[in-house]
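# Topology and contacts: notes
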Amino acid sequence: MTQLTTSSYQRTRWLTLVGTIITQFALGSVYTWSLFNGQLATKLDASVSQVAFSFGLLSLGLAVASSLAGKLQERFGVRRVAIGAGVLMAAGFWLTAHADNLMMLYLSAGVMVGLADGAGYLMTLSNCVKWFPERKGVISACAIGAYGLGSLGFKFICGALLGAVGLEQTFIIWGLMAMSMVILGALLMRDAPVQRAAGQAARQARDYTLAQAVRLPQYWMLALMFLTACMSGLYVIGVAKDIGEGLVHLSAQTAASAVTVIAIANLSGRLVLGVLSDKMARIRVITLAQIVSLSGMSILLFTRMNEMTFFASLACVAFSFGGTITVFPSLVSDFFGLNNLTKNYGLLYLGFGIGSVLGSLIASVFGGFTVTFSLIMTLLVISLLLSLTIRLPQREPLAEQVLQRS
């Protein structure tokens, strides 16, 4: 590789990182959705819970689209798919602004925006990680950290817009802003090259297609760990205010401070564990995250909480959740290779969508927090045991593979 080629490669991958961060910041804006529940409920003459269901659909759509993004990237390339996601996101928000019934809201804000967000999120993240095989953890932390910061930044933007121009215009402006940022980010991106650097033989030994990966027990062990992390994090984060009021008997104003605690802990987990994952074995970082989450869940389930222990438990769960979803893309590439990361992680990412509804579903069926907390604790213990015993898959020698194909 000449000096000119090396310079071009370095410039391209750093521009791709910048573009990915811009895109992820815009896509993360969907997590400001709770700002709109009250006004949408009034506009549509519906309950807040009916309106909030649209975010559950959004999360499910995000997970489904993420699982399909690899095939889209193969056919159209990361730039075109990201641009398409930005346009679809703006269209979804435009229709949301004009929604006059719950079904239209579910289709626009739930299905369309969720599919757009998912198509852009995992594909651009995985593509960026492939550009930096020597620092996968830090790059994941940068990209997913930007996604988390997007929810914080757009909370202030959308809050200001709601007061200035009203509900409908806020959705339209939000959609145009997000689309512009996604398109700008996409124009800076390039598809990552197939990994052929030194040490190819070692990498090739763990470069699995999706069809090969799903036949390995390690894949489903990782899937259960990921589902458990998502279920615990998303459920506790979603009902944090209710836990504070119902179990700790805090005032509504004090319990609402949980949002700030969760945001800080979530972002800290993404940055700390993401950077740490480049310094030690990534599966051990996941083990650490599971222990932290178990500590938080133990406080919720087994102690009589006060204000301090309540916020500490939330911080533990949010820290673990943020760190886990940051480290997992790189962890999956360690087990199954970089070249098929988007597909291999995409299917596994369905656990995010399942986890987003499973905790609430169990709580609604059995009533109260105790049963759900107990199930999460059980799954966390199982996941911890899996993380301590899982080993990298060992591929058959090349000669045996050739014989089997002949």
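Conventions and cut-offs
Residues numbered from 1 in each chain as written. Predicted model: local features only at pLDDT ≥ 70, side-chain atom pairs only at ≥ 80, totals over all residues. Heavy atoms only, no water. Helix = DSSP H or I, 4+ residues; strand = E, 2+ residues; numbered from the N terminus. Buried < 20%, exposed > 50% of the residue type's maximum accessible area, 1.4 Å probe, protein only. Contact = heavy atoms within 4.5 Å. Areas by Shrake-Rupley, 256 points an atom, 1.4 Å probe, with all protein chains shown as cover. Lys, Arg positive; Asp, Glu negative; His and termini not counted. Charge placed at Lys NZ, Arg CZ, Asp CG, Glu CD. Polar contact = N/O pair within 3.5 Å; in protein donor to acceptor, adjacent residues only side chain to side chain. Domains from an automatic or database assignment. Buried area = accessible area lost by both parts, 1.4 Å probe. Salt bridge = Lys/Arg side-chain N within 4 Å of Asp/Glu carboxyl O. Axes fitted to C-alpha atoms, helices over the stretch in contact; angles between N-to-C directions. Parallel < 35°, antiparallel > 145°, perpendicular 65-115°, else oblique. Left-handed = near helix turned anticlockwise from the far one by under 90°. Nonpolar A, V, L, I, M, F, W, Y, C, P; charged D, E, K, R; others polar. Expected span 1.5 Å × (residues − 1). Arc of directions from axis to C-beta. Phe/Tyr/Trp six-rings, centres within 6.5 Å; stacked < 30°, edge-to-face > 60°. Patch = residues over 30% accessible without salt bridge, like charges linked within 9 Å, V, L, I, M, F, W, Y side chains within 5 Å.

### Describing the overall build of the chain
Looking only at helices and strands, one finds 19 helices and zero strands in the chain. Taking all 406 residues of the chain together, the buried fraction comes to 51%. Of the contacts formed within the chain by residues at least 6 apart in sequence, a portion of 84% connects residues at least 24 apart. Surface accessibility of the chain: about 17,500 Å² in total, with carbon and sulfur atoms responsible for 67%. Across the chain, the mean location of the 26 positive side-chain charges is 10 Å away from that of the 15 negative side-chain charges.

### Quick notes on the environment of Asp 117
Along the chain, Asp 117 falls in helix H5 (residues 102-131). Sequence spacing of Asp 117 and Thr 23 is 94 residues, and the spatial spacing of their C-alpha atoms is 10.0 Å. Contacts of Asp 117, omitting those with residues within four sequence positions, involve Leu 27, Val 30, Leu 62, Met 89 and Tyr 147. Within polar-contact distance, the side chain of Asp 117 engages the side chain of Tyr 147 at 2.7 Å.

### Some points on the domain arrangement of the chain
Splitting the chain by domain gives domain 1 (12-188) and domain 2 (207-389). Every contact between the two is made by 33 residues of domain 1 and, on the other side, 28 residues of domain 2. Between domain 1 and domain 2 lies a buried interface of about 2,400 Å² when both sides are counted; carbon and sulfur atoms form 67% of it. Linking Asp 334 and Lys 136 is a salt bridge whose minimum nitrogen-to-oxygen distance equals 2.7 Å. Linking domain 1 with domain 2 are eight residue pairs in polar contact (both at pLDDT 80 or more), by the criterion used here.

### Brief notes about the packing of helix H3 (residues 48-76) against helix H16 (residues 341-348)
Relative orientation of the contacting elements H3 and H16 amounts to 160 degrees, with a least axis distance of 6 Å. Between H3 and H16, the angle falls in the class roughly antiparallel. Regarding H3 and H16, the two cross each other, and that crossing is left-handed. Judged by residue contacts, Ser 66, Ser 67, Ala 69, Gly 70, Lys 71, Gln 73 and Glu 74 of H3 engage Thr 342, Lys 343, Gly 346 and Leu 347 from H16. Counted by class, the contact of H3 with H16 contains two nonpolar, six polar and three charged residues.

### Observations concerning the pattern of salt bridges
All chains considered together, the criterion is met by seven salt bridges. Close ionic contact of Lys 343 with Glu 74 constitutes a salt bridge, the shortest N to O distance being 2.9 Å. You can see Lys 343 sitting in helix H16 and its partner Glu 74 sitting in helix H3, a full 269 residues away along the chain. In this structure, a network of salt bridges that share partners links the residues Lys 136, Asp 278, Arg 282 and Asp 334.

### With respect to helix H13 (residues 258-276)
Compared with an ideal rise of 1.5 Å per residue, which puts 19 residues at 27 Å, H13 spans 26 Å between its outermost C-alpha atoms and is within 8% of the ideal. For H13, every residue scored as buried is listed here: Ala 258, Ile 262, Ala 265, Asn 266, Gly 269, Arg 270, Leu 273 and Gly 274. The buried residues of H13 all sit within an arc of 140 degrees when viewed along its axis, so they share a single face.

### Thoughts on helix H17 (residues 350-366)
Counted at 1.5 Å a residue, the expected span for H17 with its 17 residues is 24 Å, and the 24 Å between its end C-alpha atoms agrees. Where H17 is concerned, the buried positions are Gly 351, Phe 352, Gly 353, Gly 355, Ser 356, Gly 359, Ile 362 and Ala 363. Buried residues along H17 sit against H3, helix H10 (217-238), helix H15 (307-336), H16 and helix H18 (370-389). Following H17 by one or two positions, Gly 367 has its phi on the positive side, about 80 degrees.

### A few points about unusual backbone geometry
For Asp 45, which is not glycine, the phi torsion reads 55 degrees and is therefore positive. Position of Asp 45 among the secondary structure elements: in the loop between helix H2 (37-44) and H3. According to the relative accessible area criterion, Asp 45 is exposed, its value standing at 74%.

### Some details on the packing of aromatic side chains
Working definition: an aromatic ring pair is given by the centre-to-centre distance plus the angle between the planes. This structure, assessed with the given rule, holds 28 aromatic pairs. Measuring from centroid to centroid gives 6.5 Å for Phe 321 and Phe 352, while their planes differ by 25 degrees, and the two rings are stacked. Here the residue Phe 321 occupies a position in helix H15, and Phe 352 occupies one in helix H17, the gap between them amounting to 31 residues. Feature note: the residues Tyr 31, Phe 55, Tyr 121, Tyr 147, Phe 226, Phe 321, Phe 328, Tyr 345, Tyr 349 and Phe 352 constitute an aromatic cluster, connected by ring pairs.

### Overview of the packing of helix H4 (residues 78-97) against H5
Where H4 contacts H5, the two axes come as close as 8 Å, and the packing angle between them is 160 degrees. Relative to H5, the element H4 lies roughly antiparallel. In terms of crossing hand, the pair formed by H4 and H5 is left-handed. Counted by class, the contact of H4 with H5 contains 18 nonpolar, six polar and one charged residues.

### Notes on a nonpolar patch on the surface
A cluster of nonpolar side chains, Leu 60, Val 64, Leu 68, Leu 88, Met 103, Leu 107, Val 111 and Leu 115, forms an exposed patch at the surface whose accessible area comes to about 640 Å². At the level of secondary structure, the elements contributing two or more residues to the nonpolar patch comprise H3 and H5. With four residues, H5 is the largest single contributor of residues to the nonpolar patch. Tracing the backbone through its elements, the reader meets Val 64 in helix H3. Judged by relative accessible area, which is 34%, Val 64 ranks as partly exposed.

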